[in-house]
Amino acid sequence: MASQAGSTWGRRISPEALFAAGAVSQYLGAATAVELFDDLAPATVALLRVAGAGAVLVLLRRSWRRSWSRTDLGWTAAFGISLALMNLFFYLAIARLPLGNSVAIEFIGPIAVAALGTRSVRSGWALALAVAGVVILAGFSPPAAQVGALFSLIAGTLWAGYIVLGHRVARSGTAVDGLGVGMLIGAVMIVPAGIGDVSTAFTAPVLLAGGVAAGVLSNVIPYGIDQLLMQRLPRARFALLQALLPVTATFIGLVWLGQVPNLREAAGIVAVIAAIVINRESEQPPVDLVP
């Protein structure tokens, strides 16, 4: 009944409004994480985010009641590890780069997946434009920002893996349960990186709550909204809406964190947004990259 009520509620709101709400939630979560970096290492905040979001989803869904085949569990584990590492490197990036810059650079991953999948001239131009945007954003930056750009590129590569593996998990029927269980498995994998400041978080309830809040805002809410949208929208329209993500990240970084992009940074972000828009064209399903 609850899921039916959620679906009915979701259908009453326009897809654009839902997507915008998810995007704002996602980057409010990222801004919350940035504010925790003064007290906790970015890797620890990433661990709290992934573990907290996974625990919330598993408890809400009661995922332990589902019957898991070895194959489904294997794909779920790979998906969750990719997601956890993506979150880890994204947080390492936004500790060194403005939020909007990092999100724009990270988009090289999904644009590359689309280019490989559709293999069209238009997708190739989109990828080239995205690369140009990344060069503008990273090529003339101070060394610390270039390290952040490298972490964003790694996160983008992992985002590509997340897309491919997430598609496989969604086809298996595990969907949201796979997301929750996968995040818990992924959290275990990044424990060595994030364990250092965990004791500090557990002795300061505000910090612990902030880490869990980052997970709920950045993972649970936007990914839940994505599930609703994927049921309602063709893939090309959903892909076009993703152009809102760098815009939203830049806006949240400006308003919440006081990160004002200069003209060069704005040009790089605009180039990536244009690449996302160009890349939307194909309704034809991409070549399946999962065996």
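Everything in this summary refers to the structure shown in the same document. (Residues numbered from 1 in each chain as written. Predicted model: local features only at pLDDT ≥ 70, side-chain atom pairs only at ≥ 80, totals over all residues. Heavy atoms only, no water.)

This part takes up the overall build of the chain. Scanning the chain from terminus to terminus reveals 15 helices and 0 strands. A buried classification covers 50% of the 291 residues belonging to the chain. Within the chain, contacts between residues separated by at least 24 positions form 88% of all contacts whose residues are at least 6 apart in sequence. Working note: accessible area of the chain is about 13,200 Å², and carbon and sulfur atoms make up 68% of it. (Helix = DSSP H or I, 4+ residues; strand = E, 2+ residues; numbered from the N terminus. Buried < 20%, exposed > 50% of the residue type's maximum accessible area, 1.4 Å probe, protein only. Contact = heavy atoms within 4.5 Å. Areas by Shrake-Rupley, 256 points an atom, 1.4 Å probe, with all protein chains shown as cover.)

Now for the packing of aromatic side chains. Counting across every chain of the model gives 5 aromatic pairs. Centroid distance Phe-89 to Phe-151: 5.9 Å. Interplanar angle 45°. Geometry classified as tilted. One end of the pair, Phe-89, is in helix 4 (residues 70-94); the other, Phe-151, is in helix 8 (residues 143-172), and 62 residues separate them in sequence. Of the two residues examined, Phe-89 and Phe-151, each falls in the buried class. Of the aromatic side chains, those joined through ring pairs into one cluster are Phe-37, Phe-90 and Tyr-91. (Phe/Tyr/Trp six-rings, centres within 6.5 Å; stacked < 30°, edge-to-face > 60°.)

Turning next to the environment of Ser-82. On the secondary structure map, Ser-82 appears in helix 4. Note: C-alpha distance between Ser-82 and Ala-155 (73 residues apart in sequence) is 9.3 Å. Engagement of the side chain of Ser-82 in a polar contact is seen with the backbone oxygen of Leu-158, the distance being 3.0 Å. (Polar contact = N/O pair within 3.5 Å; in protein donor to acceptor, adjacent residues only side chain to side chain.)

Our next topic: the packing of helix 3 (residues 42-61) against helix 4. Contact pair helix 3 / helix 4: the axes reach a minimum separation of 8 Å and the direction vectors enclose 145°. In the packing of helix 3 onto helix 4, the handedness of the crossing is right-handed. Contacts between helix 3 and helix 4 involve Pro-42, Ala-43, Val-45, Ala-46, Arg-49 and Val-50 from the first element and Ala-84, Asn-87, Leu-88, Phe-90, Tyr-91 and Leu-92 from the second. Looking at the contact of helix 3 with helix 4, its residues break down into 10 nonpolar, 1 polar and 1 charged. (Axes fitted to C-alpha atoms, helices over the stretch in contact; angles between N-to-C directions. Left-handed = near helix turned anticlockwise from the far one by under 90°. Nonpolar A, V, L, I, M, F, W, Y, C, P; charged D, E, K, R; others polar.)

Now for the packing of helix 7 (residues 121-138) against helix 15 (residues 263-278). Running from N to C, helix 7 and helix 15 cross one another at 165°; their axes reach a closest spacing of 8 Å. Relative to helix 15, the element helix 7 is oriented roughly antiparallel. As for how helix 7 packs across helix 15, the hand of that crossing is left-handed. Of the residues in helix 15, those in contact with Arg-122, Ala-126, Leu-129, Ala-130, Gly-133, Ile-136 and Leu-137 of helix 7 are Arg-264, Glu-265, Gly-268, Ile-269, Ala-271, Val-272, Ala-274, Ala-275 and Ile-278. For the contact of helix 7 with helix 15, the residue count by class is 11 nonpolar, 2 polar and 3 charged. (Parallel < 35°, antiparallel > 145°, perpendicular 65-115°, else oblique.)

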